[in-house]
Amino acid sequence: MSLLRILLFFFLSSIAAPALAEHTPSFWQALDHAHYIEEGQKGPVVYVFFDPNCPYCHVLYGDLQKPITTGRLRVRFIPVAILFASSPGKAAAILQAKDPREALKENETHFSRSGGEPSGGIAAITPDAQAQRELRYNENLLEMAGSNGVPFMVYRDKNGQMGFVPGLPHKSDWPAILQTP
């Protein structure tokens, strides 16, 4: 898949996002059953849909590390496999790892561009049946949210209202995400 297709996913997600505002309580509960990798011990919970090969997801992962390590956020990274042929194998390698958090970190630490295309840093594996089901569930949740692109963030603001951020958060999005005035 080309960089143009990645940019198209990013653009489409920005115009299609919060299609599910009237169903937010049940959607939030469904997110709780997603197959995710959690980082952080304290703070509000934020869900981030990501593809292991997504360059924007890679940037967001880096941006989230400070709020995670300072106890301001708990982030649940939800892998999907929508960008490249290697995405399912890399997502499965993260989900099926003995330590998925370390596998996610490996993917992001060794993220690069291979042949001009972005590439997550973890070696792809053949997804087993369980990983295939988990990825399908995660991808269905992303579709339910009205998005077909990543990154896609879902959070609750300080009033309990669900917020959606397609693509990279803008500076003005962070106070609501972090639940700060």
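Chemist: Tell me about the side chain of R76, and please be specific about residues and values.
Modeler: With respect to the helices, strands and loops of the structure, R76 is situated in strand 3 (residues 74–79). R76 sits in the buried class, given a relative accessible area of 10%. At 3.0 Å, the side chain of R76 and the side chain of D32 are in polar contact. Here Y47 takes part through its side chain, which lies 2.7 Å from a polar atom of the side chain of R76. Setting aside its immediate chain neighbours within four residues, R76 contacts D32, Y36, I37, E38, V45, V46, Y47 and V48.

Chemist: Which residues make up the environment of F84, and what are the values?
Modeler: Considering the arrangement of structural elements, one finds F84 in the loop between strand 3 and helix 4 (87–95). F84 sits 32 residues away from P52 along the chain, and the two C-alpha atoms are 9.3 Å apart.

Chemist: Explain empty space enclosed by the protein to me, using residue names and the numbers behind them.
Modeler: Rolled over the atoms, a probe with the dimensions of a water molecule shows which regions are left empty. Taken as a whole and assessed by the stated rule, the structure comprises 1 cavity of 30 Å³ or more. Here the largest cavity defines a volume of roughly 50 Å³. Lining the largest cavity, in full, are V48, F50, C57, L60, Y61, F77, L104 and E108. Only strand 2 (45–50), helix 3 (55–69) and helix 5 (100–109) provide two or more residues apiece to the lining of the largest cavity. Ranked by residues supplied to the lining of the largest cavity, first place goes to helix 3 with 3 residues. Tallied by class, the residues present in the lining of the largest cavity amount to 7 nonpolar, no polar and 1 charged.

Chemist: Give me the lowdown on the sheet that holds strand 3, citing residues and values where you can.
Modeler: With mixed pairing, 5 strands are arranged side by side in an open sheet as 1-3-2-6-7. Two strands lie at the open edges of the sheet, namely strand 1 (37–39) and strand 7 (162–166), each paired on one side alone. Mean inter-strand twist for the sheet, computed between neighbouring axes without regard to direction, equals 20°. Looking at chain direction, strand 1 and strand 3 are connected through 3 bridges and run antiparallel. In the sheet register, E38 faces strand 3, and the bridge partner there is R76. Packing of helix 3 onto the sheet brings it into contact with strand 1, strand 2, strand 3 and strand 6 (152–156), and relative to strand 3 it is tilted by some 160°.

Scoring rules and cut-offs
Residues numbered from 1 in each chain as written. Predicted model: local features only at pLDDT ≥ 70, side-chain atom pairs only at ≥ 80, totals over all residues. Heavy atoms only, no water. Helix = DSSP H or I, 4+ residues; strand = E, 2+ residues; numbered from the N terminus. Buried < 20%, exposed > 50% of the residue type's maximum accessible area, 1.4 Å probe, protein only. Polar contact = N/O pair within 3.5 Å; in protein donor to acceptor, adjacent residues only side chain to side chain. Contact = heavy atoms within 4.5 Å. 1 Å grid on protein atoms, 1.4 Å probe; cavity = no way out; pocket = protein on both sides within 12 Å on 5 of 7 lines; lining within 4 Å. Points joined across faces, edges and corners; volume = space filled by probe spheres on them. Nonpolar A, V, L, I, M, F, W, Y, C, P; charged D, E, K, R; others polar. Pairing = 2+ DSSP bridges. Axes fitted to C-alpha atoms, helices over the stretch in contact; angles between N-to-C directions.

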